[in-house]
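# Coordinates in review
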Amino acid sequence: MTANPASTPAKENSRTAWRTDVLATLAATLVMLAAHGASGFSSLSDMGGDNDSLLRLVEVRDLLGGQGWFDLHQYRMGPEGGFVMHWSRLVDAPLALIVLAAGALTGSAGTAETVARLLWPTLLYGLTLFFLIRAARRLGGEAALLPAAVISAAALFFTGIFGPGALDHHNVQLMLTVAALSLLMAERRDGRAAALAGACTALSLAVGMETAPYVAVIGLSVAALFVVDAEGERRVAAGFGLGFAGVGAAAFLATVPPSAWGAVTCDAFSAAQFAPAAIAGMELAAIASLPALNASRTRRLAALCTLGIVLAAVVAVLFPQCLASPYAGVDPRLRGLWLDHVSEAQSLPQLLSGDLATVAARYATPLLALVLMAQRLLRGSRQRQDVLVAALLAAAFAVSVWQVRGATFSIPLAAIPLAAWVGAWRRRAEAGGRPGATAKMLAAWLASVNLIWAGAANAAAAMLERDGAEHGAAQQSCEREADFPALAALPGTTVLAVSNLGSPILAYTGHRVLAGPYHRNVEGNLAVLDMLTGPADAAQDLVRSRDIGLVALCRGNAETAFLAARSPDGLLAALVRSAVPDWLEPVAGTAGQPLELYRVRPAQ
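Before going into details, it helps to say that this report is about the structure given with it. (Residues numbered from 1 in each chain as written. Predicted model: local features only at pLDDT ≥ 70, side-chain atom pairs only at ≥ 80, totals over all residues. Heavy atoms only, no water.)

## Describing the packing of helix α7 (residues 191–207) against helix α9 (residues 230–255)
- Contact geometry for α7 and α9: axes closest at 6 Å, N-to-C directions at 35°. Where α7 crosses over α9, the handedness of that crossing is right-handed. Along the contact surface, α7 presents Gly191, Ala194, Ala195, Ala197, Gly198, Ala199, Thr201, Ala202, Leu203 and Ala206, while α9 presents Arg235, Val236, Gly239, Phe240, Gly243, Phe244, Val247, Gly248 and Ala251.
- Partitioning the contact of α7 with α9 into residue classes produces twelve nonpolar, six polar and one charged. (Axes fitted to C-alpha atoms, helices over the stretch in contact; angles between N-to-C directions. Helix = DSSP H or I, 4+ residues; strand = E, 2+ residues; numbered from the N terminus. Left-handed = near helix turned anticlockwise from the far one by under 90°. Contact = heavy atoms within 4.5 Å. Nonpolar A, V, L, I, M, F, W, Y, C, P; charged D, E, K, R; others polar.)

What follows is the structure in structure tokens.
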């Protein structure tokens, strides 16, 4: 047999590139693990305020303990009977499987959880890094490989969503979004890769509504490329549409019980998201497949505009409530005393007025990457890869301007054009003959690594901030597992505590709480605000009416300081001043500890 001389070299090059990318990913992932290992994987016992990862762990325990697949109640938080969480079982499932497998091998539930908390974010880190490297190679060629590995690895490390113990769904969503982008950027435009990209996009939406802007931009980009180049993009558009609609339908059936198929929830995957997704995916595939609809650019544009109008009408008529603000249902008091002060929900204008270090750390590399993409497009380099990267990066940056949490996406996505930029200067430096090429390459390296911006910004802030040492020696904020043994040893009851302590108490003890930083827990959070910010005498009646047995005080927690300052005559402020009302008694051995405990005396 004779090999096909036209295809064999290309296949060999593709396999070699794939292996190289895998090796680069493995090397960078091992370096990341070593960096965390140097601290003894400290984040496993000190989550640093990551309430969502702790509550996800609690959800997995509940699922393995027999709670129903479709039952998303968190019974140990909120008012009597709990409240329904808006998270997806699609993240709980793989975590539960890892715990089960590790438990079968080790015979220890605690060890099994530790394995899951370490293995899951590490796997997601590796997959996300691999897809970033592949995307950078497709944008910048072979020279972008090393910069992509370094810049992307540093960017993912900086985001903090892949560290040991990080079980929140944002790392899953980022991985799926980057995977979809990388698959769509493949030079060989076949329907299979596009279908996988559509599947990843649908899964990211099913996991959580945070990715809705990225899902929309990816879909619009696929449609726009098809309008411009029907012959080259027909299979991509059809495959993406089928993958998006098909996996969206599968996710709906897998996570929504038949009794709730007609229910509308705007903050979780429901009919309000599934119906538009199914219509968009199937109609895009139909338009791409039917010559009568795509024979000319005018017809393609008209068909897709009609699809857009249909989608807008479906949402406006059937799901108008989902056009409102995501937090429209949050009580105004909770917005003023809680949501408006959540650090990750701050906007760029708010940060510019008082936190320039965060601005430099979160916005510098994405803004530089946007400038680089704009230059590429203005120079006429309007390859499909450029359009896809520029569109998704612009969407992520826009989200980060609205809320800084969007930087979790924009910083890793910025690594793609930054790696291509550094790679271009590497080629020039290696070729020689261009004065200053090496110096410019080094400058490009330094400007592209987000950790350098963050380090410089933090150093500058520390120099400018007075009494920096005192701030660094602030009281502990009760985020470590070691802060909760005394509480865990007490008989089970309902604990009154600020919302920041809700998830740690559930994860580290057997108690239940009223408050937690979740927008659906309106009744529980309002009840805690009334108790902690109202006078101690009035709080007594509220505490007894909710069968609360313990009050937990963490003086070093930022929420404690904020609420005490806002309500100096309230119960919480009194406890901070050590003015303990007579209906409370200190629990022996907890005075002076990070977490102070007070027992509610029996009613006289």
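After that view, the rundown keeps rolling.
## Points about the state of the cysteines
- What the rule picks out here adds up to two disulfides.
- A disulfide bridge connects Cys266 with Cys322, and the sulfur atoms are separated by 2.0 Å. Judged by the torsion about the S-S bond (-85°), the Cys266/Cys322 disulfide is left-handed. Taken together, the residues span a long stretch of sequence, with Cys266 in the loop between α9 and α10 (271–289) and Cys322 in the loop between α12 (297–318) and α13 (332–337) at a distance of 56 residues. (Disulfide = S-S within 2.5 Å.)

## A closer look at the packing of aromatic side chains
- Summed over the entire model, instances satisfying the criterion amount to eleven aromatic pairs.
- An angle of 40° between the planes, with centres 6.3 Å apart, marks the rings of Phe252 and Trp261 as tilted.
- Here Trp261 falls in the partly exposed class, since its relative accessible area comes to 41%.
- Arranged with centres 4.5 Å apart and planes meeting at 15°, the rings of Phe252 and Phe274 form a pair that is stacked. A residue pair is termed long-range when its members are at least 10 positions apart, and Phe252 in helix α9 and Phe274 in helix α10 qualify at 22 residues.
- The class for Phe274 is partly exposed, based on a relative accessible area of 21%.
- Site record: aromatic cluster; members linked through ring pairs are Phe252, Trp261, Phe269 and Phe274.
- A cation over an aromatic ring shows up here: Arg300 above the ring of Phe226, its NZ or CZ 5.9 Å from the ring centre. (Phe/Tyr/Trp six-rings, centres within 6.5 Å; stacked < 30°, edge-to-face > 60°. Buried < 20%, exposed > 50% of the residue type's maximum accessible area, 1.4 Å probe, protein only. Lys NZ or Arg CZ within 6 Å of the ring centre and 35° of its normal.)

## Remarks on the side chain of Ser221
- Within the secondary structure layout, Ser221 lies in helix α8 (residues 212–228).
- Apart from residues no more than four positions distant in its own chain, Ser221 is found in contact with Leu388 and Ala391.

## What to know about a nonpolar patch on the surface
- On the surface, Leu64, Leu97 and Leu100 cluster together into a nonpolar patch covering about 290 Å² of accessible area.
- Relative to the helices and strands, Leu64 is located in helix α2 (residues 51–64). (Patch = residues over 30% accessible without salt bridge, like charges linked within 9 Å, V, L, I, M, F, W, Y side chains within 5 Å. Areas by Shrake-Rupley, 256 points an atom, 1.4 Å probe, with all protein chains shown as cover. Salt bridge = Lys/Arg side-chain N within 4 Å of Asp/Glu carboxyl O.)

## Notes on the environment of Leu129
- Here Leu129 is to be found in helix α4 (residues 109–140).
- For Leu129, a relative accessible area of 0% puts it in the buried group.
- Spatially, the C-alpha atom of Leu129 lies 38 Å from that of Thr306, the residues being 177 residues apart in sequence.
- Beyond its immediate stretch of four places on either side in the chain, Leu129 contacts Thr25, Ala28, Thr29, Ala148, Ala149, Ser152, Ala153 and Leu156.

## Overview of the pattern of salt bridges
- Taken as a whole, this structure holds 20 salt bridges when the rule is applied.
- Across the pair Arg56 and Asp92 runs a salt bridge, and its minimum N-O distance is 2.8 Å. You can see Arg56 sitting in helix α2 and its partner Asp92 sitting in helix α3 (residues 89–106), a full 36 residues away along the chain.
- Residue class for Asp92 comes out buried when judged on its relative accessible area of 0%.
- A salt bridge links Arg480 to Asp483, with the nearest nitrogen and oxygen atoms 2.7 Å apart.
- Owing to a relative accessible area of 30%, Arg480 belongs among the partly exposed residues under this scheme.
- A single salt-bridge network, built from bridges that share partners, covers Asp21, Arg134, Arg137 and Glu142.

## A word on the sheet that holds strand β3 (residues 494–496)
- Taking strand neighbours across the sheet as the criterion, the five strands line up as β4-β3-β5-β7-β6 in an open arrangement whose pairing is mixed. Unpaired on one side and paired on the other, β4 (512–513) and β6 (584–586) mark the two borders of the sheet.
- Where strand β5 (residues 548–553) lies against strand β7 (residues 596–600), four bridges are found, and the strand directions are antiparallel. Each residue of the ladder has a partner; that of Val551, found in β7, is Tyr598. (Pairing = 2+ DSSP bridges.)

## Things to note about the nonpolar core
- If you look at the biggest cluster of nonpolar residues, it comprises 109 residues, and the most contacted ones within it are Leu181, Leu184, Phe240, Leu304, Leu413 and Ile416.
- With 13 residues, the single largest contributor to this core is α4.
- If near-sequence neighbours (up to four positions away) are discounted, Leu181 is found in contact with Leu388, Val389, Leu392, Leu413 and Ile416.
- Within the second largest apolar cluster, 53 residues are counted, among which are Val330, Val495, Ala515 and Leu529. (Core = buried A, V, L, I, M, F, W, Y, C linked by side-chain atoms within 4.5 Å.)

## Focus: the pairing of β5
- The buried fraction of β5 is high, at six of six residues.
- Here β3 pairs with β5 via three bridges, running parallel. When the bridges of β5 are listed, Thr494 appears paired with Ile548.

## Re the pairing of β7
- Across the five residues that make up β7, a large majority, four, are buried.
- Of the pairings in the sheet, the one linking β6 to β7 comprises three bridges and is antiparallel in character. The partner of Pro586 across the bridge, within β7, is Tyr598.

Purely geometric numbers; function is a separate question.
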